[in-house]
Amino acid sequence: MKHNVLLILPTIQPNGVEYLEENSNVFYAPDGKKETLIHYINEHQIEAVVTRSEIIDKEIMDACDSLKVIGQHGVGLDNIDVNEAGKHGIKVLNVPDGNYISVAEHTIAFILALSRSFRINDCSVRSDAWFSRENRYTMEVYKKNLLIVGLGRIGRAVAERAKAFGMHLMAYDGFVSKEAMEQSGVEKINVLEEGIKKADFITLHVPLTEETKGMVSGEQFKLMKSSAYIINMGRGAVIDEKALIEALQNGEIAGAGLDVLETEPPRTDHPLFSMDQVIFTPHIGGDTREAKMRTSSLLSHSMIEVMEGQNVYNWVNRK
Ligand SMILES: NC(=O)c1ccc[n+]([C@@H]2O[C@H](COP(=O)([O-])OP(=O)(O)OC[C@H]3O[C@@H](n4cnc5c(N)ncnc54)[C@H](O)[C@@H]3O)[C@@H](O)[C@H]2O)c1
């Protein structure tokens, strides 16, 4: 018997959709609003839903008895109440290994773009300020200190790539041993602030949790080198945005590369937008063509497998 699966428009890549259509009964919700999801899940007795950023909370779970599987297209699960899902007997799947290479490459792109002030220099060429180039501070990344906060899949992939540039690698991650870090050529930092003081580049790759929320705030910015750059590829709220704005205004750091913001999409008059030492991308670190295809395929296969009673590797709330 085929299972009923809900996709939320705009949905995952065609390769995953095709696989789900071949192996289940697929229904489409026009948007991810709570009332829409409750309506579609109940109307079609949906067993599994594919999510990206849609909020799946207790209210939805209480209202939808047929729901048994939530498949998150990506690694971050902060839009899903995983604990509550466990209480409801709902299996939550994610795709931890679909886009880490893309996010790591994006991080390296930020490091290089910041070190050469790409945004500022691009603007000066376009605004007939070619000869102001002597004033543009650029530097090599060779032998510079890179602090990786969160040495998981993405952090490790960043380390491998930064090593090729001859950067000195440090990482802050309480869950990875000194020995494991040393094997990858990374110096273990036990106290975040100690790493922050030494770093020329700080890149954030931790999940958003109670512990990591605001982990880089005013106190940490004050310790940074004034020539240091911070990159956030994790979740916006890991940086206290008000403190970041103050640090940039006061010249406590040189600049930032931000793929994520506290509120997404941000308001159009966001104070960071007036700062030309900050580079933004709209939360697309993991959104390359290759990563989306890979994630779509891995998720659709594992969702069918788990609905058929198999034990899949990416079932995050397995008891
Ligand atoms: N920008 C994007 O497009 C994008 C794409 C994918 C993932 N992400 C974000 O990147 C995060 C990391 O992804 P990943 O695949 O590397 O996950 P991962 O689980 O493999 O690694 C996360 C690492 O963070 C460490 N960590 C957790 N709490 C910590 C703390 N308080 N202090 C220090 N270290 C801590 C863990 O020990 C782990 O090693 C995700 O949770 C997600 O929020 C962003």
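Parameters and conventions
- Residues numbered from 1 in each chain as written.
- Predicted model: local features only at pLDDT ≥ 70, side-chain atom pairs only at ≥ 80, totals over all residues.
- Heavy atoms only, no water.
- Patch = residues over 30% accessible without salt bridge, like charges linked within 9 Å, V, L, I, M, F, W, Y side chains within 5 Å.
- Areas by Shrake-Rupley, 256 points an atom, 1.4 Å probe, with all protein chains shown as cover.
- Salt bridge = Lys/Arg side-chain N within 4 Å of Asp/Glu carboxyl O.
- Helix = DSSP H or I, 4+ residues; strand = E, 2+ residues; numbered from the N terminus.
- Buried < 20%, exposed > 50% of the residue type's maximum accessible area, 1.4 Å probe, protein only.
- Pairing = 2+ DSSP bridges.
- Domains from an automatic or database assignment.
- Contact = heavy atoms within 4.5 Å.
- Buried area = accessible area lost by both parts, 1.4 Å probe.
- Polar contact = N/O pair within 3.5 Å; in protein donor to acceptor, adjacent residues only side chain to side chain.
- Phe/Tyr/Trp six-rings, centres within 6.5 Å; stacked < 30°, edge-to-face > 60°.
- Lys NZ or Arg CZ within 6 Å of the ring centre and 35° of its normal.
- Near = heavy atom within 4 Å.
- Nonpolar A, V, L, I, M, F, W, Y, C, P; charged D, E, K, R; others polar.
- Axes fitted to C-alpha atoms, helices over the stretch in contact; angles between N-to-C directions.

(A) Structural view of a nonpolar patch on the surface. On the surface, a nonpolar cluster with roughly 390 Å² of combined accessible area is contributed by Val125, Trp130 and Phe131. Looking at where Phe131 falls in the secondary structure, it is placed in the loop between helix H6 (118-126) and strand E6 (145-149). Take Phe131: its relative accessible area is 68%, and that puts it in the exposed class.

(B) Main features of the sheet that holds E6. Within the open sheet, the seven strands sit side by side as E8-E7-E6-E9-E10-E11-E12. Their pairing is parallel. Here the strands that pair on one side only, and so sit at the sheet edges, are strand E8 (187-188) and strand E12 (278-280). As paired elements, strand E10 (residues 229-232) and strand E11 (residues 255-258) share four bridges and run parallel to each other. Looking across to E11, one finds that Asn232 is bridged to Leu258.

(C) Fine view of the domain arrangement of the protein. Parsing the protein into structural domains produces domain 1 (3-98 + 289-307) and domain 2 (100-280). With six residues of domain 1 at the interface, the matching set in domain 2 holds four residues. At the boundary of domain 1 with domain 2, total buried surface from both sides reaches about 520 Å², with 50% on carbon and sulfur atoms. The largest share of the area that domain 1 buries against domain 2 comes from Asp78, Pro96 and Asp97, three residues that together contribute 56% of it. Connecting domain 1 to domain 2 are one salt bridge. Here Asp78 ties to Arg235 by a salt bridge, and the two come within 3.1 Å at their closest N and O atoms.

(D) Representation of helix H11 (residues 241-249) in the model. Among the residues of H11, Glu241, Ala243, Leu244, Ile245, Ala247 and Leu248 are the ones counted as buried. On its buried face, H11 is in contact with helix H10 (218-223), E10, E11 and E12. One side-chain oxygen at the N-terminal end of H11 lies 3.2 Å from the backbone nitrogen of Lys242; it belongs to Asp240. Count one or two residues on from H11 and you reach Gly251, which has phi positive near 70°.

(E) Just the packing of aromatic side chains, in detail. Overall, the coordinates contain two aromatic pairs when judged by the stated rule. Arranged with centres 5.0 Å apart and planes meeting at 90°, the rings of Phe273 and Phe280 form a pair that is edge-to-face. On the accessibility criterion, Phe273 (32% relative accessible area) is partly exposed. Judged by relative accessible area, Phe280 falls into the partly exposed class, the value being 28%. Residue placement shows Lys91 over the ring face of Trp315; its charged tip is 4.6 Å from the ring centre.

(F) Looking closely at the site of the ligand. The environment of the ligand is made up of 24 residues, and the closest members are Arg153, Ile154, Asp173, Met233 and Asp259. Within the contact set of the ligand, an oxygen atom lies 2.9 Å away from a backbone nitrogen or oxygen of Arg153. Here a nitrogen atom of the ligand sits 3.1 Å away from a polar atom, N or O, in the main chain of Met233. Burial of the ligand by the protein chains amounts to 87% of its free accessible area of 860 Å². Classifying every residue of the shell around the ligand gives ten nonpolar, nine polar and five charged.

(G) Up close: the environment of Glu264. Tracing the chain through its elements places Glu264 in the loop between E11 and E12. Taking the C-alpha atoms as reference points, Glu264 and His283, 19 residues apart in sequence, are found 8.4 Å from one another. If we ignore the near neighbours within four places in the chain, the residues touching Glu264 are Asp259 and His283. At 2.8 Å, the side chain of Glu264 forms a polar contact with the backbone nitrogen of Leu261. Of the polar contacts made by the side chain of Glu264, one reaches the side chain of His283; its length is 2.8 Å.

(H) Spotlight on the sheet that holds strand E3 (residues 48-51). One open sheet accounts for five strands, arranged E2-E1-E3-E4-E5; its pairing is parallel. Every other strand in the sheet has two partners, leaving strand E2 (25-29) and strand E5 (91-93) as the edge strands with one partner each. Between one strand axis and the next, the sheet turns by 20° as a mean value, whatever way the strands run. Direction of pairing for strand E4 (residues 69-72) relative to E5: parallel, over a ladder of three bridges. Bridge pairing links Val69 to Lys91 in E5. Each of strand E1 (4-8), E3, E4 and E5 touches helix H12 (residues 289-307); the most contacted strand, E4, lies at about 165° to it.

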